[in-house]
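# Coordinate analysis (summary)
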Amino acid sequence: MKGYRINMEKTKKVKMTKEQIEKKKKRIIKTFISIIAIIVICIIGYKANDYIILDKNKKTNLVLNNRNVTTYLKKDILIKENDIYISKQDLGNFFDKYIYEDKKNNQIITTYNTKIATLSLEENKMTINGSNKSTYLHPIKENDTIYIPIEELKDVYGIEIKYIENTKVLTIDSVAREQKKAIITKDVPVKSSTRFIAKTVDRAKKGSYVVVISEEKGYAKIRTENGKVGYIKSNKIANTVVVREEMKEEKQIGGKVNLVWDYYSTVANAPDRTGVTMDGVNVVSPAFFYIDSKGTLRENIGEKGKAYIEWAHSNGYKVWPMVQNAGDGMLKVTSEIMNDYNKRQKLINELVNACVNYNLDGINVDFENMKQEDKDMYSRFIIELTPRIKDMGLVVSVDVTAPDGSETWSLCFDRHVIGDVADYIVFMAYDEYGASSNKAGTTAGYDWVEISLKKFLNTEEIESEKIILAIPLYTRLWTEDSNGKLVRQSTVSMKSIENVIPQNVEKQWDDKLKQYYIEYKEGSYTKKMWIEDEKSLKEKLSLIKQHNLGGVASWEKGMEPENFWTFLKNEI
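Fair warning: this is a prediction, and the values are worked out from it, not measured in the lab. (Residues numbered from 1 in each chain as written. Predicted model: local features only at pLDDT ≥ 70, side-chain atom pairs only at ≥ 80, totals over all residues. Heavy atoms only, no water.)

### Notes on the layout of surface pockets
What the largest pocket holds in volume is close to 1500 Å³. In terms of lining residues, the largest pocket is bounded by 47 residues, among which Y112, N113, T114, E249 and K390 are the most central. Examining the composition of the lining of the largest pocket, we find that four residues originate from one element, helix α7 (residues 375-390), more than from any other. Partitioning the lining of the largest pocket into residue classes produces 20 nonpolar, nine polar and 18 charged. Taken as a whole, the second largest pocket holds about 460 Å³ of empty space. Looking at side-chain class alone, the lining of the second largest pocket contains nine nonpolar, five polar and six charged residues. (1 Å grid on protein atoms, 1.4 Å probe; cavity = no way out; pocket = protein on both sides within 12 Å on 5 of 7 lines; lining within 4 Å. Points joined across faces, edges and corners; volume = space filled by probe spheres on them. Helix = DSSP H or I, 4+ residues; strand = E, 2+ residues; numbered from the N terminus. Nonpolar A, V, L, I, M, F, W, Y, C, P; charged D, E, K, R; others polar.)

Below is the structure:
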């Protein structure tokens, strides 16, 4: 009986296993049927989608350079009697982040690449690079928002505009970008993606032309005649041609900039450099221009200056003269110019005319001693100046101090904006302890230069290739009394240092500052000097390679020791 019970239990277990198997079979068959049904539905839906456009635009879409940016619009695009208006905020987002409402003159100021334009908020008139032009429309205000007629800015922004009314799509293309077109070989649905199941955004008809955006893995991303952006198989297009070549901007200086300032006072003549050559130098910056106490641009060129320009060009040097606001009382004068659009434009026009008259290659703006509260308006001056200079194929470089220090010496610059707008921003990496210092110190310690440079790169977020590192070809001899109080200081050029230092003085290397330091007695006085020589400069110049900077500038011509230019050329 015991054996019988065991056999019965085994048989029961076998029967239960068979039942489970049958249930599994039924579940598998049911699942398979469901999957088949889903696939059939998907195929039917996919085929149906070939003939149905699902994304009907409820409001005007903006396709900018083949990218639908409608979701980024801050305000809806206005269409009034077939005239198209885009908000000031959106123009700032997509074209000119420095677009500006000049409330004093009731106008909009916008800049882009080589153009600056003003549009009156009251009349149908505008200026482009200083030339007056009549317009059909002017900006309007609705609900405290300024809307600007985009058609009036075609020449300023360099764009092509097309509005497709039936699909509510506005396409804007930069004429500086490459554009390719192709012909559709067969009626084909245009899909939102390359996935197997994707909605249809448009249908491209056989024989129609489309803009080819890209091709990859058997698919072409296109823009249809209706302005819709989507995907089709690459084998559905033919005869792809480039209808517009990309316009590339060539730099005036192909490699690193190697600039030297050639300073002379406003009452002196330009120096005679006949027979002088500087190995590796490719830019000279003579002291040609300054602003007088009335805010008028003054020239210090004359026949000597013309001869200087001829000498420079004959030796392959570009000429970027300094424009200075130096002199007594210039804080107030500079402020008045910066805060008045008409005065800014007067100065800009004078500079443009001078560049043309003297066949210059660029300018070097060296404005110092300005009010901190004028920081943004000084930036506006650079914003408005740069397009006018670049329109002539010339270069704008702007000198700035280290990002620390006093209100009128350091805090008056918005280095991020200047570095963004100008071709080059020149970091004057000297006078860490300068003529106005109340204690002795180095002219340019390596640690200070490096920390300041990192602020330019990381805090101010300036492109490294736009930064020119300016080095001093001088140092200072400091004199302290017996109580350690600073009595006086004097500038000593690099070429004269060895003649100034007594022979028995021992030099001590400071590895933090990366320069030699000397200290000696002269009667009851203590003399101190932090020496600038090729060894100290070599350390600072290494930062140019380390951070891929745009080049070097030297202050100033005439202070350099023998064979200095060859040394400098080899280092950069």
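Next comes the rest of the description.
### Brief notes about the environment of N483
Looking at the secondary structure, you find N483 in the loop between β31 (474-480) and β32 (486-493). Note on N483: relative accessible area 71%, which makes it exposed. (Buried < 20%, exposed > 50% of the residue type's maximum accessible area, 1.4 Å probe, protein only.)

### Considering helix α4 (residues 302-314)
An ideal rise of 1.5 Å per residue puts 18 Å on 13 residues; α4 measures up with 19 Å between its terminal C-alpha atoms. Taken together, the buried positions of α4 are occupied by G305, Y308, I309, W311 and A312. Around the axis of α4, the buried residues are gathered within 160° of arc, so they sit on the same side. Looking at α4, the residues exposed on the side facing more than 90 degrees away from the buried face are E303, E310 and S314. The inward-facing, buried residues of α4 contact β21 (257-262), β22 (283-286) and β25 (318-319). Of the residues one or two after α4, G316 is the one with positive phi, at around 80°. (Expected span 1.5 Å × (residues − 1). Arc of directions from axis to C-beta. Contact = heavy atoms within 4.5 Å.)

### Examining the packing of aromatic side chains
Evaluated as defined, the whole model comprises 21 aromatic pairs. On the numbers, 6.3 Å between centres and 55° between planes, the contact of F427 with W448 is tilted. Here W448 lies in helix α9 (residues 446-459) and F427 lies in strand β29 (residues 424-428), a separation of 21 residues in the sequence. Its relative accessible area of 0% is what places F427 among the buried residues. Note on F564 and W565: the rings are 5.1 Å apart at their centroids and 75° apart in plane angle, and the pair reads as edge-to-face. Cation over ring: R488 sits above Y525, and NZ or CZ is 5.6 Å from the ring centre. Directly above the aromatic system of Y516 lies the positively charged group of K507, at a separation of 5.9 Å from the ring centroid. (Phe/Tyr/Trp six-rings, centres within 6.5 Å; stacked < 30°, edge-to-face > 60°. Lys NZ or Arg CZ within 6 Å of the ring centre and 35° of its normal.)

### Brief notes about the nonpolar core
Counting residues in hydrophobic clusters, the biggest one holds 99 residues, and the most contacted among them are V284, F288, F367, Y378 and F381. Ranked by the residues each element gives to this core, the list is headed by α7, at seven residues. One finds I99, L119, M126 and I148 within the second-largest nonpolar core, a separate group that totals 27 residues. (Core = buried A, V, L, I, M, F, W, Y, C linked by side-chain atoms within 4.5 Å.)

### Some words on unusual backbone geometry
The linkage connecting W555 with the following residue, E556, adopts the cis geometry, with an omega of 0°. With respect to the element layout, E556 can be found in the loop between β36 (551-555) and α12 (564-571). A positive phi angle is found at E81, which is not glycine, with a value near 50°. Relative to the helices and strands, E81 is located in the loop between β3 (78-80) and β4 (83-87). Among the residues examined, E81 registers a relative accessible area of 77% and is labelled exposed. The backbone phi angle of N106 is positive, close to 55°, even though this residue is not glycine. Position of N106 relative to the elements: it lies in the loop between β5 (100-102) and β6 (107-112).

### A word on the pattern of salt bridges
The final tally for this structure, using the stated rule, is 30 salt bridges. For E465, the salt bridge identified is with K251, shortest N-O distance 3.9 Å. Placement of E465 in the loop between α9 and β30 (467-472) and of K251 in the loop between β20 (237-244) and β21 is noted, with a sequence separation of 214 residues between them. Here E498 ties to K507 by a salt bridge, and the two come within 3.0 Å at their closest N and O atoms. Through salt bridges that share partners, R344, R380 and E384 make up one connected network. (Salt bridge = Lys/Arg side-chain N within 4 Å of Asp/Glu carboxyl O.)

### A word on the sheet that holds strand β33 (residues 508-510)
Pairing in this open sheet of five strands is antiparallel, and the strands run β32-β31-β35-β34-β33 from one edge to the other. Both edges of this open sheet fall to β32 and β33, since each of them pairs with a single strand only. With strand direction ignored, the average angle separating the axes of adjacent strands in the sheet is 25°. (Pairing = 2+ DSSP bridges. Axes fitted to C-alpha atoms, helices over the stretch in contact; angles between N-to-C directions.)

### What to know about the packing of helix α11 (residues 534-546) against α12
One way to put it is that α11 packs onto α12 with a least axis distance of 10 Å and a crossing angle of 35°. Relative to α12, α11 is oriented so that their crossing is right-handed. Residues E534, L537, K538, L541 and K545 of α11 lie in contact with α12, whose contacting residues are F564, F567, L568, N570 and E571. Across the contact of α11 with α12, the residue classes break down as five nonpolar, one polar and four charged. (Left-handed = near helix turned anticlockwise from the far one by under 90°.)

### Concerning the pairing of strand β8 (residues 125-128)
Two strands pair when backbone bridges link them, and strand β7 (residues 115-120) and β8 are joined in this way by three bridges, in the antiparallel orientation. For A117, the partnering residue across the bridge sits in β8 and is I128. Remark: four residues form the turn of the hairpin made by β7 and β8, two consecutive strands paired antiparallel. In this sheet, strand β9 (residues 131-134) lies alongside β8 in antiparallel orientation, the contact comprising four bridges. By the bridge assignment, K125 is partnered in β9 with S134. Connecting the antiparallel pair β8 and β9 is a turn made up of two residues, with N129 showing a positive phi of about 50°.

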